[in-house]
Structures are given as C-alpha cells and as structure tokens.
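Notes for the structure review
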Amino acid sequence: MTADRPPAAGPVPPGGGDLPVWLINLPRSAARRAQMEERLAAIDLGYTLFAAVDGLAEEVRLTCDLDEAAFHRNTGRAVLPGDLGCYHSHLGVWRAFLATGAPVALVLEDDVVFHDDFREALVAALAAKDRWDMLNFNRIRAQHPVARGRAGRWSLNAYRGPLTGTGAYLITRDCAARLLPRMLPVTRPLDHELDRSHVHRIRRYGMEPFPSHTDDAGESTITGTGFAQVRNFLKWQRLPAYALR
C-alpha cells in the first residue's frame with residue numbers, strides 16, 4: 001500500500017475518529033487514477049491509494065488460493081486473472097483497515113462516479129452504522145429490494161435477488177474481521193461471495209437511491225473490452241451455476 005494523501009479528512013463516524021478511505025487502483029492504470037483523483041478532489045474526500053493486486057502479473061501465486069473446480073461450478077465460466085486480482089485487492093484493503101483503530105472504512109474502486117448527494121449520503125450512512133455491516137453505494141445488479149431501515153432520506157435495502165458490485169462500499173471493523181478467515185479459497189468472484197450474506201451472517205445492504213455508479217467506458221480491467229476475455233462454458237456445463245441463481 002502506498003499513501004497518496006492522509007486517510008480521509010472528510011466525514012467522521014459518530015463517536016469521533018477519521019474515516020479511512022481506500023482507493024484501489026492498478027499501478028499501470030494511470031489514467032484511471034488521475035480521473036479518480038479529480039473526482040475525489042471535487043467532493044473534498046481524502047483517501048489512501050491502495051496498489052491493486054495485478055492478476056496478470058501474479059496469476060501463478062494467486063492460483064494457490066483458488067478452488068478452480070468450484071469456481072467453474074459456481075459461475076459457469078473460466079477464471080480470469082482479473083477475478084483473482086480484484087478479489088485479493090479487497091482482502092488486502094480489509095487487512096490494512098484492521099491494522100487501524102477505525103470502526104468503519106470506505107472502499108472505492110477506480111471507476112466510481114459520485115453523484116451530487118454522495119457526501120450527504122455518506123454522512124447519513126455513518127450516522128446509521130449500527131444498522132448494517134457492509135453498505136453498497138452502487139451496484140451492478142440489485143434485484144428485488146426489501147427495506148431494512150432508513151438512513152436519512154435513503155432506504156437501507158436487503159435483496160431477494162442478487163446484489164453484485166464492489167465499486168463503493170462501507171464496511172465495519174467487525175464485518176471485515178469475521179469475513180477474512182472465510183474468504184479463501186476463492187470459489188467465485190468477490191461480489192458473488194459477498195452476496196452470500198446469509199452464509200456469512202452479515203447485514204449487507206444497498207443504500208437507495210444509490211449515490212454513485214460505476215463507469216469503466218467498456219474497458220474493464222477484469223473482463224476486458226466489452227467482456228472480450230470472458231469465456232462461458234457450454235450451456236449444459238453451466239447448469240450448476242443456473243441452479244445457484
């Protein structure tokens with residue numbers, strides 16, 4: 001991890017203490033980093049830069065913590081180096097978070113677009129931190145919401161369907177400590193693993209209306225341009241994944 005700025009000088013959790021903010025970025029993705037620096041400056045949010053794990057460069061090492069057969073069964077596709085890099089990057093941030101004394105951390109990927117109400121939503125979420133363990137500020141999918149409470153003018157929703165995406169979220173210290181021992185070996189993408197909140201017994205909610213979204217302009221560092229690197233198996237081979245859904 002390399003520090004770009006001191007941890008956030010922005011909103012503070014109830015009870016005092018600064019909110020640590022980590023921005024995950026591949027060192028070779030300089031354009032994304034520059035864009036996020038501008039976006040974070042625009043909302044006056046300090047952060048610490050976390051050098052993402054490069055799945056391409058470290059694939060051999062990372063596959064030591066992979067159950068490839070389970071990944072194939074759970075997803076119906078081949079494992080991508082970016083899957084592993086993303087997964088281990090977030091675990092690395094959680095470990096860095098636990099090394100601090102902070103009760104809550106904000107984790108950001110490098111393709112987040114903040115809405116005008118993001119900081120207001122962040123303050124409201126922190127004021128309601130006793131109602132959630134992990135709170136998403138955006139999503140890839142968030143299907144069939146079920147209200148579980150309020151944070152200011154936002155709804156805290158659980159979902160009967162999938163809640164995927166890890167672009168921007170809050171996580172409590174207790175949640176990170178409970179999750180870390182359970183996250184290896186890798187058997188599915190990180191957001192799919194976190195979507196098993198009933199297994200991990202965590203309150204993972206979405207804050208709606210979502211105060212941010214992700215936009216990689218079709219150039220994903222995980223799945224490639226227009227999902228070009230994704231290799232789905234034949235339909236009959238994807239039956240176990242369909243059953244899980």
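The rules we used
Here the residue numbering is sequential within each chain, running from 1 through the sequence in written order. Residues qualify for local features only when their pLDDT is at least 70, as the model is predicted, and side-chain atom pairs are given and counted only at 80 or more; totals for whole chains, interfaces and linings, by contrast, use all residues. Hydrogens and water molecules were not included; the side-chain quantities draw on all heavy atoms of the structure. Two strands qualify as a pair provided DSSP detects at least 2 bridges between them. We count a stretch as a helix when DSSP gives it H or I for four or more residues in a row; a strand needs E for two or more, and each element gets its number in order from the N terminus. With axes taken as lines fitted to C-alpha atoms, and helix axes fitted only over the stretch in contact, angles between N-to-C directions fall between 0 and 180 degrees. A helix's residues, less one, multiplied by 1.5 Å, set its expected span. Exposure is judged per residue with a 1.4 Å probe applied to protein chains only, and the accessible area is read against the type maximum: over 50% gives exposed, under 20% gives buried, and values in between give partly exposed. Directions from the helix axis toward the C-beta atoms define the arc. Distance and chemistry together define a polar contact, namely a pair of N or O atoms within 3.5 Å, with one atom able to donate a hydrogen and the other to accept it when in protein, and with adjacent residues in sequence counting only for side-chain atoms on both sides. Contacts between residues were defined by any pair of non-hydrogen atoms, one from each residue, lying within 4.5 Å.

Let us look at the sheet that holds strand S10 (residues 168–172). Here 8 strands make up an open sheet; going across it, the order is S2-S1-S3-S10-S5-S11-S8-S7 and the pairing mixed. Among the strands making up the open sheet, the edge pair consists of strand S2 (48–51) and strand S7 (145–151). Taken over all neighbouring pairs, the strand axes of this sheet differ in orientation by 30° on average, direction set aside. By the bridge criterion, 3 bridges tie strand S5 (residues 134–136) to S10 in an arrangement that is antiparallel. Bridging from a neighbouring strand, Asn-136 pairs with Tyr-169 of S10.

Glancing now at helix H1 (residues 30–42). The end-to-end C-alpha distance of H1 is 19 Å, a good match for the 18 Å that 13 residues give at a rise of 1.5 Å each. Here H1 has its buried residues at Arg-32, Arg-33, Met-36 and Leu-40. Buried positions in H1, seen along its axis, are confined to an arc of 95° and lie on one side of it. Facing away from the buried side of H1 by more than 90 degrees, the exposed set consists of Ala-31, Glu-38 and Ala-42. Taken from the residues just after H1, Asp-44 is the one with a positive phi, measuring 55°.

This brings us to the pairing of S7. Two strands pair when backbone bridges link them, and S7 and strand S8 (residues 154–159) are joined in this way by 5 bridges, in the antiparallel orientation. By the bridge assignment, Val-146 is partnered in S8 with Ala-158.

Moving on, we get to the pairing of strand S11 (residues 204–208). Taken across its 5 residues, S11 has 4 buried, putting it largely inside the fold. When S5 meets S11, the two strands line up parallel, connected through 3 bridges. Each bridged residue has a counterpart across the sheet, and for Leu-135 the counterpart in S11 is Tyr-205. Here S8 runs beside S11; their pairing, made up of 3 bridges, is antiparallel. Residue pairing for S11: Ser-155 is matched across the bridge by Glu-208.

With that settled, the discussion passes to the side chain of Ser-212. When you line up the elements, Ser-212 lands in strand S12 (residues 212–214). Here Ser-212 falls in the buried class, since its relative accessible area comes to 3%. In terms of polar contacts, Ser-212 uses its side chain to reach the backbone carbonyl oxygen of Phe-137, at 3.0 Å. Among all residues touching Ser-212, those that are not within four sequence positions of it are Val-112, Val-113, Phe-114, His-115, Phe-118, Phe-137, Asn-138 and Ala-168.

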